[in-house]
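# Coordinate analysis (summary)
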Amino acid sequence: MELKRVVVTGMGTVNPLGNSIPEFWEGLKNGVNGVGPITRFDASKQKTQFACEVKGFDPTVYVDKKEVRRYDLYSLFAFAAAEQAVKDSGLDLEKINKERAGVIWGAGIGGLGTFFHEVRDYNPENPKMSPFFIPKMIANIAGGMIAVRYGFRGINLTTVTACASSTHSLIDAMTYIRLGKADVFVAGGSEAAINEAGVCGFNSMRALSTRNDDPSTASRPFDRDRDGFVMGEGSGALILEEYEHAINSGAKIYAELVGGAMTADAYHMTAPDPEGRGACSVMRLAVEDAGLKPEDVDYVNVHGTSTGLGDLAETKAILKTFGEHAYKMSISSTKSMTGHLLGAAGTIESIASILALQHGVIPPTINQFNLDPDLDPNLDYTFNHAKERQINVALSNTFGFGGHNGTVLFKKLS
């Protein structure tokens with residue numbers, strides 16, 4: 001059967017660089033650093049006392065004030081990104097077939113803050129919990145309630161694959177549209193894990209940077225002196241539509257989602273395959289799925305978390321996948337600015353890739369001082385400053401604990 005084409009017609013985000021797409025793009029192209037002291041709780045006793053928090057977010061813009069307490073912050077972030085994306089798309093909610101409109105949402109953890117506070121305050125002598133505890137906590141509630149908000153009665157599911165969650169949500173949505181099972185999806189992901197449990201848990205794994213004396217340079221992918229990732233939070237949403245559906249409704253089209261793939265490292269609970277085998281295969285399969293050749297790719301938004309094992313494995317994978325063409329591509333890690341948004345990372349970085357495609361500007365990898373000597377100095381990592389270049393195809397990687405890999409490719413519409 002002939003697969004249908006999938007295009008992006010709307011975008012929305014709340015993240016450490018801004019609470020809208022224009023604010024996000026301004027931050028990206030100018031190399032703005034989203035890091036700062038943790039304000040969500042007293043972190044003075046934590047090994048890590050900084051993070052990339054969302055700033056100035058007002059949930060009552062998107063949810064009635066009386067309803068805010070019913071939702072975990074990860075859901076409130078989700079509602080904001082989805083609302084922005086739906087409005088941006090110009091979808092006529094009165095005319096579309098809502099039986100063929102769905103929501104596929106990603107969350108690596110879900111309502112961790114709600115879980116932590118309810119369990120912390122539990123008293124076995126007086127066993128009570130908030131009636132909102134379970135619905136606030138579960139990872140699928142954001143996607144379910146987005147569907148409620150817009151009356152979308154089509155396919156609705158939640159992907160939970162650690163940091164690959166929202167990339168997998170995009171691939172799932174693309175697949176259902178390609179197969180003719182749906183016309184339109186709200187697809188994306190959200191995360192809100194900057195709380196006592198999230199920070200302490202990742203610290204116990206020695207995954208986070210502890211550069212408390214200089215947090216502004218803590219997220220430094222590919223740098224010799226990196227010491228872990230910086231936690232971020234927020235959400236990203238895309239409106240994915242079947243091409244003819246979008247054309248017939250007169251929608252503006254940002255890009256075409258031309259390919260995607262998922263693989264597993266099958267190697268370790270948290271560490272990547274050191275040779276990048278899973279990362280290599282997922283990029284190769286995604287390029288093939290798009291009907292492209294490796295030399296067609298102009299820009300790679302890497303997973304690039306600022307960890308020694310991850311940065312090296314991904315670099316090896318890029319060299320294996322693209323060969324000599326790797327030296328002609330531009331590469332950058334926008335996590336150097338946003339921090340790592342965990343389950344929301346994939347969609348946030350897909351948006352960054354689409355914006356790069358749209359504007360012909362590669363966002364930088366900031367905080368680069370000394371390149372790791374184990375990496376290839378001839379690759380174009382776009383260190384410290386954005387640069388202009390022609391981009392026709394952008395690829396975005398996302399890799400998660402458990403060895404979950406996801407890659408998507410966006411192309412200028414032709």
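Everything discussed here concerns the structure shown above.
Right, let's walk through the structure included here. It should be emphasised that the depicted structure is a prediction, and the values quoted were computed from it without experimental measurement. (Residues numbered from 1 in each chain as written. Predicted model: local features only at pLDDT ≥ 70, side-chain atom pairs only at ≥ 80, totals over all residues. Heavy atoms only, no water.)

Below, the discussion takes up the pairing of strand β13 (residues 393-400). Taken across its eight residues, β13 has eight buried, putting it largely inside the fold. Alternating residues of β13 divide into Val393, Leu395, Asn397 and Phe399 and Ala394, Ser396, Thr398 and Gly400, and every residue in both groups is buried. Where β13 lies against strand β14 (residues 404-411), eight bridges are found, and the strand directions are antiparallel. Across the sheet, residue alanine 394 finds its bridge partner in β14, namely phenylalanine 410. Adjacent in sequence and paired antiparallel, β13 and β14 are bridged by three residues, among which glycine 402 carries a positive phi angle near 90°. (Buried < 20%, exposed > 50% of the residue type's maximum accessible area, 1.4 Å probe, protein only. Helix = DSSP H or I, 4+ residues; strand = E, 2+ residues; numbered from the N terminus. Pairing = 2+ DSSP bridges.)

Turning to the pairing of strand β1 (residues 6-14), a few remarks are in order. Burial within β1 is extensive, with nine of its nine residues counted as buried. One ladder, built from eight bridges, connects β1 with strand β7 (residues 234-242); its direction is antiparallel. Bridge pairing in β7 links valine 6 to glutamate 242.

On the secondary structure map, glutamate 314 appears in helix α10 (residues 308-322). No salt bridge is formed by the buried glutamate 314. Its closest oppositely charged neighbour is lysine 335, at 7.1 Å. The contacts of glutamate 314, once residues within four sequence positions are left out, are Val302, His303, Gly304, Asn397 and Phe399. (Lys, Arg positive; Asp, Glu negative; His and termini not counted. Salt bridge = Lys/Arg side-chain N within 4 Å of Asp/Glu carboxyl O. Contact = heavy atoms within 4.5 Å.)

Strand order across the open sheet formed by 10 strands is β5-β4-β6-β7-β1-β8-β14-β13-β9-β10, with mixed pairing between neighbours. Each having just a single partner strand, β5 (156-159) and β10 (330-332) make up the two edges of the open sheet. Mean inter-strand twist for the sheet, computed between neighbouring axes without regard to direction, equals 25°. Where strand β4 (residues 101-106) and strand β6 (residues 184-191) come together, six bridges link them in parallel fashion. Across the sheet, residue glycine 106 finds its bridge partner in β6, namely glycine 189. In the packing of helix α6 (residues 165-178) onto the sheet, the strands contacted are β1, β4, β5, β6, β7, β8 (255-264), β13 and β14, and the crossing angle to β8 comes to about 115°. Its contacts with the sheet put α10 on β9 (299-301), β10 and β13, and the angle it makes with β13 is roughly 140°. (Axes fitted to C-alpha atoms, helices over the stretch in contact; angles between N-to-C directions.)

A few words on the environment of alanine 173. Examined against the element boundaries, alanine 173 turns out to sit in helix α6. Assessed through its relative accessible area of 0%, alanine 173 is described here as buried. Considering only alpha carbons, one finds alanine 173 and aspartate 214, 41 residues apart in sequence, at a separation of 41 Å. When residues no more than four places from it in sequence are discounted, the contact partners of alanine 173 are Ile104, Phe185, Ala187 and Leu240.

On to the environment of asparagine 203, then. Here asparagine 203 shows up in helix α7 (residues 196-204). Taking C-alpha positions, asparagine 203 is 34 Å from leucine 285, a pair spaced 82 residues apart along the chain. Ignoring anything within four residues of it in the chain, the contact list for asparagine 203 reads Gln46, Lys47, Thr48, Leu208 and Thr210. In this structure the side chain of asparagine 203 is engaged in a polar contact, spanning 2.9 Å, whose partner is the side chain of threonine 48. (Polar contact = N/O pair within 3.5 Å; in protein donor to acceptor, adjacent residues only side chain to side chain.)

This part covers the packing of helix α3 (residues 112-120) against α7. Closest axis-to-axis distance for the α3/α7 pair is 8 Å, and the angle between their directions is 100°. The orientation of α3 with respect to α7, classified from their angle, is roughly perpendicular. Across the interface between the two elements, Leu112, Phe116, His117 and Arg120 from α3 touch Glu196, Ala197 and Gly198 from α7. Of the residues in the contact of α3 with α7, the class split is three nonpolar, two polar and two charged. (Parallel < 35°, antiparallel > 145°, perpendicular 65-115°, else oblique. Nonpolar A, V, L, I, M, F, W, Y, C, P; charged D, E, K, R; others polar.)

This paragraph deals with a nonpolar patch on the surface. Together, Phe115, Val119, Tyr122 and Met129 make up an exposed nonpolar region whose accessible area comes to about 340 Å². Within the fold, phenylalanine 115 resides in helix α3. (Patch = residues over 30% accessible without salt bridge, like charges linked within 9 Å, V, L, I, M, F, W, Y side chains within 5 Å. Areas by Shrake-Rupley, 256 points an atom, 1.4 Å probe, with all protein chains shown as cover.)

What follows covers the packing of aromatic side chains. Here the structure, examined in full by the defined rule, presents 10 aromatic pairs. Between the aromatic rings of tyrosine 150 and phenylalanine 152, the centroid separation amounts to 5.8 Å while the plane-to-plane angle is 40°, which identifies the pairing as tilted. When sorted by exposure, tyrosine 150 lands in the same class as phenylalanine 152, which is buried. Note on phenylalanine 202 and phenylalanine 401: the rings are 6.3 Å apart at their centroids and 50° apart in plane angle, and the pair reads as tilted. With phenylalanine 202 in helix α7 and phenylalanine 401 in the loop between β13 and β14, the pair connects residues that are 199 residues apart, well separated along the chain. (Phe/Tyr/Trp six-rings, centres within 6.5 Å; stacked < 30°, edge-to-face > 60°.)

The subject of this paragraph is the environment of methionine 174. Mapped onto the fold, methionine 174 is located in helix α6. By relative accessible area, which is 1% here, methionine 174 ends up buried. Along the sequence, methionine 174 and glycine 260 sit 86 residues apart, while their C-alpha atoms lie 8.3 Å from each other. The residues touching methionine 174, leaving out its near neighbours within four places in the chain, are Val6, Leu240, Leu257, Gly259, Gly260 and Asp289.

To continue, consider the nonpolar core. One finds Val8, Met11, Phe24, Leu238, Leu240, Ile354 and Phe410 to be the most contacted residues of the largest nonpolar core, which totals 41 residues. Among the elements that make up this core, the one with the highest residue count is helix α12 (residues 345-359) (eight residues). Each residue touching phenylalanine 24, except ones within four places of it in the same chain, is listed here: Thr13, Asn15, Leu17, Gly18, Thr338, Ile348, Ile351, Ala352 and Leu355. (Core = buried A, V, L, I, M, F, W, Y, C linked by side-chain atoms within 4.5 Å.)

What is shown is where atoms sit, not what they do.
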